Amino acid sequence: MEKFDVTVIGSGPGGYIAAIRCAQLGMKTAIIERYNVLGGTCLNVGCIPSKALLDSSEHYHNATHNFKEHGIDVKEIKVNLAQMIKRKGEVVKATTDGINFLMKKNKITVYNGHGSFVNKNTIEVTAADGKKQQIETAKSIIATGSKPSSLPGINIDKKRVITSTEALNLTEVPKQLIIIGGGVIGLELGSVYARLGAKVSVVEFTDGIIGTMDKGLGKELQKVLKKEGFEFYFKHKVTGVTNSGKEVVVTADNEKGEKVEFKGDYCLVAVGRRPYTDNLGLDKAGVKMDNRNRVEVDDHLQTNVPGIYAIGDVIKGAMLAHKAEEEGVFVAETMAGQKPHINYNLIPGVVYTWPEVAAVGFTEEQLKEQGKKYKTGSFPFKASGRARASMDLDGFVKVLADAETDEILGVHIIGPRAADMIAEGVVAMEYRASAEDIARMSHAHPTFTEAMKEACLDATEKRALNM
């Protein structure tokens, strides 16, 4: 058996980053991936391909809705979905090829096959053809990610009743797309097909969309998506989905307990994700799980078995690629005897609709629950010169700051390039900046980020200059 200092099971953002950092720190490293390409869900059927389709569909939407206003006359615009899907595949391949290069560059041994523990220090790799081999490892990192969840009584046939994976490879634009779940994944993929002409209905159990984020963001996004043709049905409990061949019927109980039906040609089940811990032999290694099938870890992300760690979607916390990356680096550096740190409150969340939605820190609802005294500053993009120039007038920046110390406690943005803008909020909060600090920093004009400065000015004595 070949021997390694550390073996990583799973090659998604958490796994491959962990492997690279381990190799950088001088450890002999192996990585095991059950599929024939590296990159995990994020690079292959998640973050990267969905953003490729979001960008393509946004170009089409602008061509059909905004180009004329900009003085650009375009005739006979039509959707070439096959080309969109092809381009998406090329983006994915370029990205996964880059991971292959990084493995070679860092001298990381790659095993393709399903990895499972034989015991604490032995891992068996079963290739697609059934061939097995074992490797010996001093330490291990479980980074196997997650899979789409479903609801009781729903048969996901991957034809008409689909998950996000199948939604990335449709051969036609749905006429009527029913989405079960008003979270990030459903709204992003719903945006793709709504822009291309689909009628989209969102059936959600709670009373709003993007429920983990500040309520103001959800309300504003709902307003914008309604303008794009989305329909929302809140406080609906889905009871079943049937596929008759060319039509799907979703049955649900509404707020009054009445039975209702939604008919369409596709149903996207987007009710979250579950940890992928199937057939990993965790019991043979003695690794404990919690009641939600997640791997239990301590503050150092080590399991109850010394030398076995877990990161990303298989442990508690937000299922975000960048959270997994930070944890991968954290574990590698911990193994090397360093003292790394992660502030989980400062890991941003993003929704890549348009306008984009991004947030970091506490929501207003959380601060109220804590009984924390805070002040609010906000600034609408319709008051931004840069936003007027680009016709991106929807949304706002909201800053929450401590009522006494003025320290920024949360930043919540819905608007153009919010995904990039949120980094300023992360940096500010990482260094415990006050709203006054950001208000006194020079922001280039005209830029979208001036809205951040203005929101901070508004939080400090309501002295926004352009509102």
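Trainee: Which parts of the structure should I look at to understand the packing of helix H3 (residues 47-65) against helix H4 (residues 81-105)?
Mentor: Packed helices, taken two at a time, are described by the angle between their axes plus the distance between the axes. Where H3 meets H4, the closest approach of the two axes is 9 Å, and the angle between their N-to-C directions is 140°. Between H3 and H4, the angle falls in the class oblique. In terms of crossing hand, the pair formed by H3 and H4 is right-handed. From H3, Ile48, Pro49, Ala52, Leu53, Asp55, Ser56, Ser57 and Tyr60 reach across to H4, where they touch Met84, Ile85, Arg87, Lys88, Val91, Val92 and Thr95. Its residues assigned to classes, the contact of H3 with H4 comprises nine nonpolar, three polar and three charged.

Trainee: Could you clarify how one ought to interpret helix H9 (residues 321-335) in this entry?
Mentor: An α-helical turn contains 3.6 residues, so a residue and the one three or four places further along point in the same direction. Over its 15 residues, H9 extends 21 Å from the first C-alpha to the last, a length consistent with the 21 Å expected when each residue adds 1.5 Å. Along H9, the residues classified as buried are Lys323, Ala324, Glu327, Gly328, Phe330, Val331, Ala332, Glu333, Thr334 and Met335. Its buried side turned inward, H9 meets strand S1 (2-9), helix H1 (13-24), strand S6 (132-142) and strand S17 (308-310). Just downstream of H9 lies glycine 337, where phi reads positive at about 90°.

Trainee: Is there a simple way to explain the sheet that holds strand S8 (residues 161-162) in this structure?
Mentor: Think of a sheet as strands paired side by side through backbone hydrogen bonds, with each pair either parallel or antiparallel. Taken in spatial order, the five strands line up as S8-S15-S9-S10-S11 in an open sheet, and their pairing is parallel. Among the strands making up the open sheet, the edge pair consists of S8 and strand S11 (231-233). Of the pairings in the sheet, the one linking strand S9 (residues 176-180) to strand S10 (residues 199-203) comprises five bridges and is parallel in character. Each bridged residue has a counterpart across the sheet, and for glutamine 176 the counterpart in S10 is lysine 199. Across the sheet, helix H6 (residues 184-195) is in contact with S9, S10, S11 and strand S15 (266-269); its angle to S9 comes to roughly 175°.

Trainee: It is not clear to me how the nonpolar core should be interpreted in this structure. Could you clarify?
Mentor: Side chains of nonpolar character tend, in soluble globular proteins, to be buried together. In terms of nonpolar packing, the biggest core is built from 47 residues, with Met103, Phe117, Ile141, Ile142, Val331 and Met335 touching the most fellow members. For this core, the element with the most residues is H1, which contributes six residues. Ignoring anything within four residues of it in the chain, the contact list for phenylalanine 117 reads Ile9, Thr122, Ile123, Ser140, Ile142, Leu280, Gly281, Leu282, Lys284, Ala285 and Ile308. Formed by 38 residues, the second largest nonpolar core is a distinct cluster that contains Leu177, Ala198, Phe234 and Leu268.

Trainee: What should I look at first to understand the pairing of strand S22 (residues 408-415) in this one?
Mentor: On a regular strand, each side chain points to the face opposite its neighbour's, so the side chains alternate between the two faces of the sheet. Counting buried residues along S22, eight of its eight residues qualify, which places the element largely inside the surrounding structure. As judged from the six bridges shared by strand S19 (residues 356-361) and S22, these two strands associate in the antiparallel manner. Each bridged residue has a counterpart across the sheet, and for glutamate 356 the counterpart in S22 is glycine 415. Summarising the sheet, strand S21 (residues 396-402) and S22 pair through six bridges and their orientation is antiparallel. Residue pairing for S22: alanine 401 is matched across the bridge by isoleucine 408. The hairpin turn running from S21 into S22, its antiparallel successor, is five residues long, and aspartate 406 in that turn takes a positive phi close to 75°.

Trainee: Even after reading the chapter, I still don't get the environment of glutamate 220, so can you show me in this structure?
Mentor: If you trace the backbone, glutamate 220 turns up in helix H7 (residues 215-227). Judged by its relative accessible area of 12%, glutamate 220 falls in the buried class. In this view, glutamate 220 contacts Asp394, Gly395, Phe396 and Ile414; residues no more than four positions away in its chain are not counted.

Reading the values: the criteria
Within every chain, residues take consecutive numbers counted from 1 along the sequence as written. pLDDT decides what is reported in this predicted model: residues at 70 or higher carry local features, side-chain atom pairs at 80 or more are listed and counted, and totals for whole chains, interfaces and linings draw on all residues regardless. Excluded from the side-chain calculation are hydrogens and water; included are all heavy atoms of the structure. To get an axis, fit a line to the C-alpha atoms, keeping to the stretch in contact for a helix; angles then go from 0 to 180 degrees between the N-to-C directions. Secondary structure elements follow DSSP: runs of H or I of four or more residues count as helices, runs of E of two or more count as strands, with numbering from the N terminus. Convention used here: angles under 35 degrees read as roughly parallel, angles over 145 as roughly antiparallel, angles from 65 to 115 as roughly perpendicular, and any remaining angle as oblique. Definitions for this section: a left-handed crossing has its near helix turned counterclockwise from the far helix by less than a right angle. A right-handed crossing has that turn clockwise. What makes two residues a contact is simply this: any of their non-hydrogen atoms within 4.5 Å. When residues are grouped by polarity, Ala, Val, Leu, Ile, Met, Phe, Trp, Tyr, Cys and Pro land in nonpolar, Asp, Glu, Lys and Arg in charged, and all others, Gly among them, in polar. Here a helix's expected span is defined as the number of its residues, less one, multiplied by 1.5 Å. Each residue is assigned to one of three classes by its accessible area relative to the maximum for its type, calculated with a 1.4 Å probe on protein chains only: buried under 20%, partly exposed between the two thresholds, exposed over 50%. Two strands qualify as a pair provided that DSSP identifies no fewer than 2 bridges between them. In these notes, a set of buried Ala, Val, Leu, Ile, Met, Phe, Trp, Tyr and Cys residues joined through side-chain atoms within 4.5 Å is what counts as a nonpolar core.

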